[in-house]
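# Secondary and tertiary structure notes
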Amino acid sequence: MDKEFVTKIAKKIKKLREEKGISQLTLALEIGVTPGAIANIETLRSDITATRLNSIAKVLNVEPYELLKFDE
């Protein structure tokens, strides 16, 4: 696992989620996981699959590739 890359994805998910006023609980319920699973993604305790990334992007109303675009 490339920790720097995964860290950027986690930060992007959290940033967009908070900007859109979506709680971890709401996001979790929308994609069918526990709030702990979202917390684990955002705090790097677990890796994210492409399927889960796609599901999160849908709830955040962004294209999946936007979760991979980082401000450098």
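The structure displayed is predicted, hence computed values, not measured ones.

## Considering the side chain of R17
- Within the secondary structure, R17 sits in helix α1 (residues 3-19).
- One polar contact links R17 to E42, side chain to side chain, over a distance of 2.7 Å.
- Aside from chain neighbours lying at most four places away, what touches R17 is I22, S23, Q24, L27, E42 and L60.

## Details of the packing of helix α2 (residues 24-31) against helix α3 (residues 35-42)
- The N-to-C vectors of α2 and α3 enclose an angle of 110 degrees; their axes lie 8 Å apart at closest approach. One element, α2, and the other, α3, form an angle in the roughly perpendicular class. You can see that α2 and α3 cross each other, and the crossing is right-handed. Along its contact with α2, which presents Q24, L25, L27, A28 and I31, the element α3 presents P35, I38, A39 and E42.
- Its residues placed into classes, the contact of α2 with α3 shows seven nonpolar, one polar and one charged.

## Some remarks on unusual backbone geometry
- The phi dihedral of L44 falls on the positive side, at around 65 degrees, and the residue is not glycine.
- The residue L44 is located in the loop between α3 and α4 (50-59) in this model.
- Note on L44: relative accessible area 24%, which makes it partly exposed.
- Even without being glycine, N61 reaches a positive phi, approximately 60 degrees.
- The residue N61 is located in the segment after α4 in this model.
- A relative accessible area of 67% places N61 in the exposed class.

## Brief notes about the pattern of salt bridges
- Tallied over the entire structure, the rule returns four salt bridges.
- Of the charged contacts in the structure, one is a salt bridge between K15 and E19, with a shortest N-O distance of 3.5 Å. Here K15 pairs with E19, and both are found in helix α1, just four residues apart, close to one helical turn.
- For K15, a relative accessible area of 41% puts it in the partly exposed group.

Rules used throughout
Residues numbered from 1 in each chain as written. Predicted model: local features only at pLDDT ≥ 70, side-chain atom pairs only at ≥ 80, totals over all residues. Heavy atoms only, no water. Helix = DSSP H or I, 4+ residues; strand = E, 2+ residues; numbered from the N terminus. Polar contact = N/O pair within 3.5 Å; in protein donor to acceptor, adjacent residues only side chain to side chain. Contact = heavy atoms within 4.5 Å. Axes fitted to C-alpha atoms, helices over the stretch in contact; angles between N-to-C directions. Parallel < 35°, antiparallel > 145°, perpendicular 65-115°, else oblique. Left-handed = near helix turned anticlockwise from the far one by under 90°. Nonpolar A, V, L, I, M, F, W, Y, C, P; charged D, E, K, R; others polar. Buried < 20%, exposed > 50% of the residue type's maximum accessible area, 1.4 Å probe, protein only. Salt bridge = Lys/Arg side-chain N within 4 Å of Asp/Glu carboxyl O.

Structural measurements only, silent on function.
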